[in-house]
Amino acid sequence: MSTFVAAAPRVPSPRWPVPEERRTVTVLFADIVGSTALVDRLDPEDVRAVQRAYFDTVAGVLRRWHGVVEKYIGDAVMALFGARESDGFDAYRAVRAGLEIQRELDRRPLPGGATLRVRVGVATGEAVVDLGAARDGGHGAASGAVITTAARLQEYAPPGAVVCCAATHRATAGTVTYRRLTPVTVAGRVPPVGVWHAVGPAGPAAVRHDAPLVGRRRELAGARDRILRAVRDRSPRWVSVVGPAGSGRSRLLHDLVRSLDAVDGTPVRWCVASCPPYPDEPLAPVAQLLRALAGSGAPGAGWAGTLAGLLPPARLATALPALERLLDVPDGQATAGAAWCQELLLRVAARGPVVVAVDDLDRAAPAVDRFLHSLFVAAAARGLPLAVVTLHRPDRADVLPVAAQRHHRVPLRPLTPVQTGRLLRHLLIRAEQPLRLVTRLLPLVGGHPGHAAAYVRALADGDDRTLPPLPEALRRAVGAELDRLDGPHRAVLMAAAVLPPGFTADEVARVLDWPAERLPPALAALVAAGLLIPHPAGGHALASPALRRVAADRLPRRFRATFGQRAVDVVLSHRLRRLDPVGGPAAAPARPARRHVPPVHPVAAVPAPAAVVPGPRDAPPGAPAVRQAAPPPRVRSLDAMPFNGRYPAAGSGTPGIDRSAPGRWHGAGPAPEPPGPIAAGRGTHPPARGTGRDPASSGAARDAPAGDAVRAPTGAAQPPVRPTVALDPSDPGPAVEPAAAAA
């Protein structure tokens, strides 16, 4: 079922400066089975009552799972998940909504004794979304083939079933149980489309941490020291491990639990929980803490015996039903069980050290925040050896702050290129992938361990090794970070994605055509959110190559062309003012050596004057000197020109570099001679073939050039090349060394 938009293209508004975005959305399409026969059998008034009950039930379920009803088509309902904002779990929420629709309709009595059977199709894919119209009843809010796919899947679904496409199945792997169906042939689609029948939600799966912990020794020691102090001084501490998605928070917690199993010979009781994306189970993390405390997955005789040693028999008889209720249904009504869980934790801490750890606190309901705060305050009042460890994003504010002297933050910064190379080597070896991919993945990862694991996992699943695409899981996680911003800040980040690292507030303002005074506060807010980082040469850069790719991919074609044209016409001319009109490019400021950038657009350099060199040694005295052309100057680095996202294509006649084969020339005229030796401390050339070494695993990565320049062709100077304005979604952008940025 295609969506047609009759209105003119949206214009920017104060709320949405970029009114449309190319987004990955999940579409749910539900329709009644046998509605014609049902209408013929019932009285018109009963038909009206049945329709109202049906639409009220479906709309209520969709609202609970944060879906947007895009339109009603007869008896069919079409809903969007992730249309305006995404939490990275849009596909999961859509599947859970489809399952709940089936369950609610089966339970609800309908007028006239009618029984409704509904087919539900769920598909995930790219669509252009009108952000202003992405609301209930916003007809025509989205356009794309994913809508047609959802409608076709609904037609092939068995009555009473929820059927999903392959992309939805991948996005919900491990959180939903599926049964694979026979692939179906969809008109206009070759080959047949894979179909999965959603059975129900799956329990939380154990997370494996196979790779070693790299580059986090200082952070691990800091968190461990705070917990040791809390235990030995019997003074509770709150340790917050903060970092963006993919920074390795869960991996650090895993090693922290393994490295701190006892203090001075006394065992430490760890109670670890995570906050799942279950909006209908706000106290699920508290139930996980209770299971970890009792050492059993379900209540029973042995479970009650464990609690008997902590509570008197009279209180145990009162507490046991409330605790069982918390374990069975950890919803908002299980507050009594949460209170008893807190009392049990305090009683265990009175006998020995206890550490309560909650991962992904960003997704926690307010009830979980209140539980942790109340537990911490009570432990501090009693002087118990208890520590609370929370893991969340840097921009999360403390809802219920504790005393400053008891609260400690452990920030997780990006890894250095050498550390990232070591991690990639371990991951590639474990995935049985060639080690030569380290140099290809290094600029894509940007120092984030989670990004490295996502790329290696995608390569093991068969992704292209020549130019690895952005993994789907990574795109969802980074897109969720972008969607936490409002419209203006999101537009600033998209405009920054078309600029090279080191952009200034004035340059972003010129791309957006905004007043210059509007940008500094916006950039400061993005820095505080961890989405922008200071650039070593001045200005700002995006926090990760993945964020740059996602932000650039969000731009529709017309905005992409407009922003690119402004970047070429305004920013290029602004930066070229620093060029010496006679002597060539001005000397660039000194920059730290540890920075990796991809190949840059070659710009024709100003021809240097011919140099006068002495004649041969055996020339007679007084012989004239030989006039020889000076070697072609090195091209200015990436900081000298704006980034428009596209590298010159092979065979286009434009001087450039083929990224699939580093060093291969695709320009007019003869190939340039190899670059000369790089000065000490500025880097080295790629290793010779057959050496078995890569710069990420050797000292070369520690001295990588700030911007490896490319020689112009030998001979006459080429005319300046005007870069194209279209963005290439596959370009990862440069990776800035975070340690230098922090300095």
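Residues numbered from 1 in each chain as written. Predicted model: local features only at pLDDT ≥ 70, side-chain atom pairs only at ≥ 80, totals over all residues. Heavy atoms only, no water.

Draft legend 1. Structural context of helix α18 (residues 505-512). Burial analysis of α18 places six of its eight residues in the buried class, the great majority of the element. Of the residues making up α18, those classed as buried are Ala505, Glu507, Val508, Ala509, Val511 and Leu512. Taken from the residues just after α18, Asp513 is the one with a positive phi, measuring 60°. (Buried < 20%, exposed > 50% of the residue type's maximum accessible area, 1.4 Å probe, protein only. Helix = DSSP H or I, 4+ residues; strand = E, 2+ residues; numbered from the N terminus.)

Draft legend 2. Up close: the environment of Arg108. Within the secondary structure, Arg108 is located in the loop between α3 (90-107) and β4 (118-130). Sequence-wise, Arg108 and Ala53 are 55 residues apart; in three dimensions their C-alpha atoms are separated by 8.4 Å. The residues touching Arg108, leaving out its near neighbours within four places in the chain, are Ala53, Asp56 and Thr57. (Contact = heavy atoms within 4.5 Å.)

Draft legend 3. Structural detail: the sheet that holds strand β15 (residues 407-411). Strand order in the open sheet formed by five strands is β12-β13-β14-β9-β15, with parallel pairing between adjacent strands. Strand pairing shows two members of the sheet lacking a second neighbour, β12 (269-274) and β15, which therefore form its edges. Across the sheet, the axes of successive neighbouring strands diverge by a mean angle of 15°, strand direction being ignored. Bridge count for β12 against strand β13 (residues 354-359) is six bridges, and the pairing is parallel. Directly across from Trp270, in β13, lies its bridge partner Val355. Packing of helix α7 (residues 249-259) onto the sheet brings it into contact with β9 (237-242), β12, β13 and β14 (386-392), and relative to β12 it is tilted by some 165°. Contacting β12 and β13, helix α8 (residues 284-294) crosses the sheet at an angle of about 150° to β12. (Pairing = 2+ DSSP bridges. Axes fitted to C-alpha atoms, helices over the stretch in contact; angles between N-to-C directions.)

Draft legend 4. Structural view of the packing of helix α17 (residues 487-497) against helix α20 (residues 545-554). One can describe the packing of α17 onto α20 by two numbers: an axis separation of 8 Å at closest approach and a directional angle of 105°. The angle between α17 and α20 places the two elements in the roughly perpendicular class. Contacts from Arg490, Leu493, Met494 and Ala497 of α17 reach α20 at Leu547, Arg548, Ala551, Ala552 and Arg554. (Parallel < 35°, antiparallel > 145°, perpendicular 65-115°, else oblique.)

Draft legend 5. Fine view of helix α15 (residues 449-460). The end-to-end C-alpha distance of α15, which contains twelve residues, comes to 17 Å, matching closely the 16 Å that a straight helix rising 1.5 Å per residue would cover. Along α15, the positions that sit buried rather than exposed are Pro449, His451, Ala452, Ala454, Tyr455, Val456, Ala458 and Leu459. Contacts made by the buried residues of α15 are with α13 (417-430), α14 (437-445), α16 (472-483) and α20. In the segment just after α15, Gly462 is the residue with positive phi, at about 110°. (Expected span 1.5 Å × (residues − 1).)

Draft legend 6. Spotlight on the pattern of salt bridges. Counted according to the given criterion, the structure contains 29 salt bridges. Notably, a salt bridge pairs Asp106 with Arg117, separated by 3.5 Å at the nearest N-O pair. Linking Asp106 in helix α3 with Arg117 in the loop between α3 and β4, this pair joins segments that are eleven residues apart in sequence. With a relative accessible area of 37%, Arg117 lands in the partly exposed category. Between Asp369 and Arg396 there is a salt bridge; the shortest N-O distance is 2.9 Å. Of this pair, Asp369 sits in helix α12 (residues 366-382) while Arg396 is found in the loop between β14 and β15, placing the two residues 27 residues apart along the sequence. (Salt bridge = Lys/Arg side-chain N within 4 Å of Asp/Glu carboxyl O.)

Draft legend 7. Expanded view of unusual backbone geometry. If you check the backbone angles, Asp360 has positive phi at about 55° while not being a glycine. Following the sequence through the fold, Asp360 ends up in the loop between β13 and α12. In this structure, Glu432 is a non-glycine residue whose phi angle is positive, near 60°. The residue Glu432 is located in the loop between α13 and α14 in this model.

Draft legend 8. Here's a closer look at the environment of Pro471. Assignment of secondary structure puts Pro471 in the loop between α15 and α16. Look at Pro471 and you get buried, because its relative accessible area is 6%. Separated by 13 residues in sequence, Pro471 and Ala458 place their C-alpha atoms 6.2 Å apart. Discounting residues that sit within four places of it in the chain, Pro471 has contacts with Ala454, Tyr455 and Ala458.

Draft legend 9. Molecular detail of the nonpolar core. In terms of nonpolar packing, the biggest core is built from 60 residues, with Val492, Leu493 and Phe563 touching the most fellow members. If you tally residues by element for this core, the top one is α17, at seven residues. Listed in part, the 44 residues of the second largest apolar core include Leu326, Trp340, Val358 and Leu375. (Core = buried A, V, L, I, M, F, W, Y, C linked by side-chain atoms within 4.5 Å.)

Note that all results are geometric; they support no functional claim without further evidence.
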